[in-house]
Amino acid sequence: MKGLSLVFSIVVPVYNVELYLKECIESIIEQTYSEWELILIDDGSTDKSGEICRSYEKQDERIKVFTKTNSGQADSRNVGIEKATGDYLLFVDSDDFIANDTLQRCYEKCVEWNLPDIILSEGMFEVRDGIMAEDHQWESAEYQGFSGRETLLKTMKAAPNWSPCGKCYRLDFWKKHGFRFPTKRLAEDFALIDKVVLEADCAVMVPSFYYYRRFRENSTMTSVNKKLKYDELLNLIDWEQFLQDRELGDELTTAFRKRFAVLYCHDILGNLYLFKGKERKDVLVMARELKFYLAYTEGTEERMVGVVTKIIGLKNTCLLLGWLKRYRMRKERAKYLR
């Protein structure tokens, strides 16, 4: 496989990120491995993001810009995948950036493992107000040449790995299975990515990190909003149907439910206070369908949720968790602003 020629397609959805977009694009232009195409999907930006994209397109023939009416990040990624012509696919969010040897590292794994379906990384750098911290989740030596099923069993014991970023996918593998991000729904990463990993015949991991994830106050995934929490609940319901339909076996099904139990306790029950009146009643009915997740809790806090629910009921437990969550948020924000 030495001397193998591979092209990497990098898909970047763009929407109103003029403050961060140049850093993102420059991190790709500066790659030490030069065989790549950058696909920028301008999702109807109303700031200068579109201008920035087009200015870079004029400078480098490897950069392609596609403009569409605003329809969300998931749809933008789907469009980018359709436009991709390379051998491997990477997703980079437009307010994030990557190390300049990212593609070289992925290329070396492609050669070493004869074109694996998925290439993972050990974690990410988290960037908050210019300060970088390591979010180290796995050890690469333990994840080489596994099937998707084996990879999920191992990674879920350490941490969920739902982001499409910080991974590299063989494009033929992606298209063969017809993977698409669900549109008109937030938390689409959670809905899809583990299903992608599950289908892999060979998954490997590069050592260390190459992806820099920026946390912005009030961004879609860092702010608390009803739409996000409602969609997370819908995703959990869809996942449960998937588990029942696929019959993955007790070990993997239990591993999924243990992970979902954490999300259920903190992100669903803990945010029911966002909903009022009839909306709250409707969401509570949906949440009750997944109440059995409490039997899969392992952490101390999650187990306490189960105990409290038996004593005061699910609705009152949700109200208590909501109060606790808001208290912690105020405390964390006050600490951050000091």
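This section reports on the structure supplied with the text. Every value quoted in this text rests on a predicted model; they were computed, and no experiment measured them. (Residues numbered from 1 in each chain as written. Predicted model: local features only at pLDDT ≥ 70, side-chain atom pairs only at ≥ 80, totals over all residues. Heavy atoms only, no water.)

1. Comments concerning the overall build of the protein
Link 1 in the chain: When helices and strands are tallied, the protein shows 12 helices and 12 strands.
Link 2 in the chain: Relative to the globule expectation of 20 Å for 338 residues, the C-alpha radius of gyration of the protein, 21 Å, shows essentially globular dimensions.
Link 3 in the chain: Out of the 338 residues belonging to the protein, those deemed buried represent 51%.
Link 4 in the chain: Long-range pairs, those at least 24 residues apart, make up 80% of the contacts in the protein with a sequence separation of at least 6.
Link 5 in the chain: On the protein, roughly 16500 Å² of surface is accessible, and the fraction owed to carbon and sulfur atoms is 49%.
Link 6 in the chain: Positive and negative charge centroids in the protein, built from 51 and 54 side chains respectively, lie 8 Å apart. (Helix = DSSP H or I, 4+ residues; strand = E, 2+ residues; numbered from the N terminus. Rg over C-alpha atoms; globule rule 2.2 N^0.38 Å. Buried < 20%, exposed > 50% of the residue type's maximum accessible area, 1.4 Å probe, protein only. Contact = heavy atoms within 4.5 Å. Areas by Shrake-Rupley, 256 points an atom, 1.4 Å probe, with all protein chains shown as cover. Lys, Arg positive; Asp, Glu negative; His and termini not counted. Charge placed at Lys NZ, Arg CZ, Asp CG, Glu CD.)

2. Side note on the sheet that holds strand S11 (residues 203-206)
Link 1 in the chain: Read across the open sheet, the eight strands follow the order S3-S2-S1-S4-S10-S6-S11-S9; overall the sheet is mixed. The strands lining the two open edges of the sheet, one partner per strand, are strand S3 (63-67) and strand S9 (144-146). Each strand of the sheet is rotated relative to its neighbour by a mean of 25°, with strand direction disregarded.
Link 2 in the chain: The pairing of strand S6 (residues 118-121) with S11 spans four bridges and is parallel. Within the sheet, the bridge partner assigned to Leu120 lies in S11 and is Met205.
Link 3 in the chain: In the packing of helix H5 (residues 148-158) onto the sheet, the strands contacted are S6, S9 and S11, and the crossing angle to S9 comes to about 110°. (Pairing = 2+ DSSP bridges. Axes fitted to C-alpha atoms, helices over the stretch in contact; angles between N-to-C directions.)

3. Overview of the nonpolar core
Link 1 in the chain: Counting residues in hydrophobic clusters, the biggest one holds 105 residues, and the most contacted among them are Phe8, Trp174 and Tyr264.
Link 2 in the chain: It is helix H9 (residues 250-268) that contributes the most residues to this core, nine residues altogether.
Link 3 in the chain: Excluding residues within four positions of it along the chain, Phe8 makes contact with Tyr33, Glu35, Trp36, Glu37, Tyr88, Leu90, Leu103, Cys106, Tyr107 and Cys168. (Core = buried A, V, L, I, M, F, W, Y, C linked by side-chain atoms within 4.5 Å.)

4. With respect to unusual backbone geometry
Link 1 in the chain: Phi at Asn16 takes a positive value of approximately 50°, unusual for a residue other than glycine.
Link 2 in the chain: Here the phi dihedral of Ser208 falls at roughly 65°; this positive angle occurs in a residue that is not glycine.
Link 3 in the chain: For Ser208, the position within the fold is in the loop between S11 and strand S12 (211-214).

5. Some words on the pattern of salt bridges
Side-chain pairing between opposite charges can occur once the charged atoms of the two side chains come close.
Link 1 in the chain: Summed over all chains, the structure comprises 21 salt bridges.
Link 2 in the chain: Note that Glu188 is salt-bridged to Arg77, the shortest N-O span being 3.5 Å. Here the residue Glu188 occupies a position in helix H7 (residues 188-198), and Arg77 occupies one in helix H3 (residues 73-83), the gap between them amounting to 111 residues.
Link 3 in the chain: A relative accessible area of 7% means that Glu188 is categorised as buried.
Link 4 in the chain: Given a relative accessible area of 0%, Arg77 falls into the buried group.
Link 5 in the chain: Two residues, Asp282 and Lys278, come together in a salt bridge whose shortest N-O distance is 2.8 Å. Taken together, the residues span about one helical turn, with Asp282 and Lys278 both in helix H10 (residues 277-289) at a distance of four residues.
Link 6 in the chain: Look at Asp282 and you get partly exposed, because its relative accessible area is 38%.
Link 7 in the chain: Given a relative accessible area of 61%, Lys278 falls into the exposed group.
Link 8 in the chain: Within this structure, Arg77, Asp93, Glu188 and Asp189 form a network of salt bridges that share partners. (Salt bridge = Lys/Arg side-chain N within 4 Å of Asp/Glu carboxyl O.)

6. Structural notes on helix H4 (residues 102-112)
Link 1 in the chain: Turning to H4, its buried residues number three or more, namely Thr102, Leu103, Arg105, Cys106, Tyr107, Lys109 and Cys110.
Link 2 in the chain: Following H4 by one or two positions, Asn114 adopts a phi angle in the positive range, close to 55°.

7. Quick look at the packing of aromatic side chains
How two aromatic rings sit relative to each other is set out by the distance from centre to centre and by the angle between their planes.
Link 1 in the chain: Inspection of every chain in the model, using the stated rule, returns 23 aromatic pairs.
Link 2 in the chain: Ring plane angle 75° and centroid distance 5.5 Å describe the contact between Trp174 and Phe179, whose orientation is recorded as edge-to-face.
Link 3 in the chain: With a relative accessible area of 0%, Trp174 lands in the buried category.
Link 4 in the chain: In this structure Phe179 comes out as buried when scored by relative accessible area, which is 11%.
Link 5 in the chain: Judged by centre distance (4.8 Å) and plane angle (45°), the ring pair of Phe292 and Tyr293 falls under tilted.
Link 6 in the chain: The exposure class of Phe292 is partly exposed, given its relative accessible area of 32%.
Link 7 in the chain: The rings of Trp162, Phe190, Trp239, Phe242, Phe256, Phe260, Tyr264, Phe292 and Tyr293 are connected pair by pair, giving a single aromatic cluster.
Link 8 in the chain: In this arrangement the basic side chain of Arg326 is found over the ring face of Tyr273, its NZ or CZ atom lying 4.2 Å from the centre. (Phe/Tyr/Trp six-rings, centres within 6.5 Å; stacked < 30°, edge-to-face > 60°. Lys NZ or Arg CZ within 6 Å of the ring centre and 35° of its normal.)

8. Quick look at the side chain of Asn78
Link 1 in the chain: Mapped onto the elements, Asn78 comes out in helix H3.
Link 2 in the chain: In contact with Asn78, other than residues within four places in its own chain, are Arg180, Phe181 and Thr183.

9. Brief notes about a positive patch on the surface
Link 1 in the chain: Together, Lys281, Arg288, Lys291 and Lys315 give the surface a local cluster of positive charge.
Link 2 in the chain: Looking at the element boundaries, Lys291 is found in the loop between H10 and helix H11 (300-312). (Patch = residues over 30% accessible without salt bridge, like charges linked within 9 Å, V, L, I, M, F, W, Y side chains within 5 Å.)

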